[in-house]
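# Per-entry structural report
Below are the chains, spelled out letter by letter.
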Amino acid sequence: MPRPLTALVHTAAMRHNLQTARRAAPGSKAWAVVKANAYGHSLRAALTAFADADGLALIEVDGAVRLRELGWQGRILLLEGFFDPSDLSVLAQYEIETAVHSAEQLAMLESVPLVRPLHTHLKMNSGMNRLGFMPAQFRAAYERLRAIPGVASVTLMTHFANADDAHHGQLAPAEQMRRFAAGAQGIDAPVSVSNSAGTLLHAGFNDSWIRPGIMLYGDTPGGRTAEQFGLLPAMTLRSALIGVQQIDLGEAVGYGSRYVASCRTRVGVVACGYADGYPRHAPDGTPVLVDGVRTALVGRVSMDMIMVDLTPVPGAGVGSNVVLWGEGLPIDEVANAAGTIGYELMCAVAPRVHMEIA
Ligand SMILES: *Cc1c(COP(=O)(O)O)cnc(C)c1O
């Protein structure tokens, strides 16, 4: 029998979450963002769930090729664009669209003849100061891109630093929109600005295209809980108890003896550790479900196991069901406890974890 650790991927939930994104932005087309192996859910699951997306967007050139090989015939967008002139023949061969965020990319496009029409997405740095042209340089970049033979279209894009916080003191989303509008003034082209938080919280951005990612996988982009946004968890990471210990008061659990029992305690051992993607820095008290009952991590996370307090589930024993996150336990709660975000947990699920696509 295989180790009882499975990432169960719920494609019906992913489909529902895409519909939720569409309802929040009824006038927009939707790129379903599937970077990082669909945030850990697999490109295969994404293709099933997002069959009616207007396009799939990702970062990885080989992932884009894989989408074609798996049969996706719709649009594909590379959100960071290409990395080397040699990528351009791959883009042509597989009909992949590209972001253009730097003068270096423009120069590559000017120096390599485009053998097929290329759809491009010109990125502005509207304040995140990561990728993109400054607002003052944007118009010139647009003219240069338009002048390249073979460039079939240009969409204008930017990305929010704080779409989950309308009143952010340093850089509010409205301020980024102001800079974007100023830099793009007079350019008549489709616009793409909203990630999940933008989509759910700022319908007024009037994107031609939205770019939801995290919400498709049922985690909140911030601002409210996933449940409040009407999102359904797309992954249940489940396992089982493979051991039980009855320990006395004063006995400690696991490496470093971090957790010391304050009374006689039954401790369950779960087949899931940091080599599976469970966060090693999760503290005592991080929520875990055993037989549907909420209990808590005790002791340091090991490579292959965690331990949990069985006090609230006296009937539990070897073989009892465990949910690390997903149905019944929002990934966000686990992430919060461990000082991270659901994005990181999903993306970190390790290749050795058996994946079941439902
Ligand atoms: C990852 C990404 C998104 C999706 O962001 P979420 O917060 O996951 O919705 C959108 N746009 C770009 C450019 C991205 O890199």
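Summarised in this report is the structure supplied together with it.

How each quantity is defined
Note that residues are indexed from 1 along each chain, following the sequence as it is written. In view of the model being predicted, local features appear only for residues whose pLDDT reaches at least 70, and side-chain atom pairs are presented and counted only at 80 or more, with totals across whole chains, interfaces and linings using the full set of residues. For side-chain calculations, the full set of non-hydrogen atoms in the structure is used, while hydrogens and water are omitted. The pairing test for Phe, Tyr and Trp rings, Trp by its six-membered ring, is centres within 6.5 Å, and the orientation test on the planes gives stacked under 30 degrees, edge-to-face over 60, and tilted for anything in between. Runs of E in the DSSP output that reach at least two residues are strands. Runs of H or I that reach at least four are helices, and both are numbered from the N terminus. With a 1.4 Å probe rolled over the protein chains alone, any residue whose accessible area is under 20% of its type maximum counts as buried; one over 50% counts as exposed, and the rest are partly exposed. Working definition: residue near molecule or strand if any one of its non-hydrogen atoms lies within 4 Å of it. In protein, a polar contact requires one atom able to donate a hydrogen and another able to accept it; more generally it is a pair of N or O atoms within 3.5 Å, and residues adjacent in sequence count only if both atoms are side-chain atoms. Only the protein chains shown count as cover for residues, and all accessible areas are computed by the Shrake-Rupley method using a 1.4 Å probe. For this classification, Asp, Glu, Lys and Arg are treated as charged, while Ala, Val, Leu, Ile, Met, Phe, Trp, Tyr, Cys and Pro are nonpolar and the rest, including Gly, are polar. Buried Ala, Val, Leu, Ile, Met, Phe, Trp, Tyr and Cys residues that are joined via side-chain atoms within 4.5 Å together make up what is termed a nonpolar core. In this description, contact between two residues means that some pair of their heavy atoms is separated by no more than 4.5 Å. Directions drawn from the helix axis to the C-beta atoms are what define this arc. The salt bridge definition used is simple: a Lys or Arg side-chain nitrogen within 4 Å of an Asp or Glu carboxyl oxygen.

## Observations regarding the packing of aromatic side chains
On inspection of all chains with the given rule, the structure shows 6 aromatic pairs. Ring geometry for Tyr39 against Tyr217: centres 4.7 Å apart, planes inclined by 20 degrees, an arrangement best described as stacked. You can see Tyr39 sitting in helix 2 (residues 35-39) and its partner Tyr217 sitting in the loop between strand 9 (209-210) and strand 10 (235-247), a full 178 residues away along the chain. The same class applies to Tyr39 as to Tyr217, namely buried. When the ring of Phe50 is compared with that of Tyr217, the centres are 6.0 Å apart and the planes differ by 75 degrees; the resulting orientation is edge-to-face. Of this pair, Phe50 sits in the loop between helix 3 (43-49) and strand 3 (55-58) while Tyr217 sits in the loop between strand 9 and strand 10; the two residues are 167 residues apart in sequence, bridging distant segments of the chain. Judged by its relative accessible area of 0%, Phe50 is buried. A network of ring pairs unites the aromatic residues Tyr39, Phe50, Tyr217 and Tyr343 as a single cluster.

## A look at the site of the ligand
All residues in the neighbourhood of the ligand are listed as Val33, Lys35, Tyr39, Leu79, His159, Asn195, Ser196, Arg211, Pro212, Gly213, Ile214 and Tyr343. In this structure, Arg211 approaches the ligand through a side-chain N or O atom, which is 2.9 Å from a nitrogen atom. Within the backbone of Ile214, a nitrogen or oxygen atom sits 2.8 Å from an oxygen atom of the ligand. Contact with the protein chains removes 93% of the 380 Å² of surface that the ligand exposes when unbound. For the shell around the ligand, the residue count by class is 6 nonpolar, 4 polar and 2 charged.

## Considerations on the nonpolar core
By size, the foremost hydrophobic cluster in this structure holds 109 residues, and its most contacted members are Val34, Phe50, Leu156, Tyr217, Tyr278, Leu324 and Trp325. The element best represented in this core is helix 3, accounting for 5 residues. Setting aside residues no more than four positions away along its own chain, Trp325 makes contact with Met235, Thr236, Leu237, Gly277, Tyr278, Pro279, Ile331, Val334, Leu345 and Val349.

## Quick word on helix 8 (residues 173-183)
Taken as a whole, helix 8 has its buried residues at Pro173, Gln176, Met177, Phe180 and Gly183. Seen along its axis, helix 8 keeps its buried residues to an arc of 130 degrees; they face one direction. More than 90 degrees from the buried face of helix 8, the exposed residues found are Ala174 and Arg178. Buried residues along helix 8 sit against helix 7 (135-146), strand 7 (151-157) and strand 8 (191-192).

## Section: the pattern of salt bridges
Enumeration according to the criterion identifies 14 salt bridges in this entry. The partner of Arg139 in a salt bridge is Glu143, with the nearest N and O atoms 3.0 Å apart. Highlighted residues: Arg139 and Glu143, both in helix 7, separated by 4 residues, approximately one helical turn. Classification of Glu143 as partly exposed rests on a relative accessible area of 39%. Across the pair Glu333 and Arg294 runs a salt bridge, and its minimum N-O distance is 2.6 Å. One end of the pair, Glu333, is in helix 10 (residues 331-337); the other, Arg294, is in strand 15 (residues 293-296), with 39 residues separating them in the sequence. We classify Arg294 as partly exposed; its relative accessible area is 41%.

## Points about the side chain of Ser126
Summarising the element assignment, Ser126 is placed in the loop between strand 6 (118-123) and helix 7. On the accessibility criterion, Ser126 (1% relative accessible area) is buried. One polar contact links Ser126 to Thr158, side chain to side chain, over a distance of 2.7 Å. Polar side-chain contacts of Ser126 include one of 3.0 Å to the side chain of Gln176. In this structure, Ser126 is in contact with Thr158, His159, Gln176, Arg179 and Phe180, ignoring residues within four places of it in sequence.

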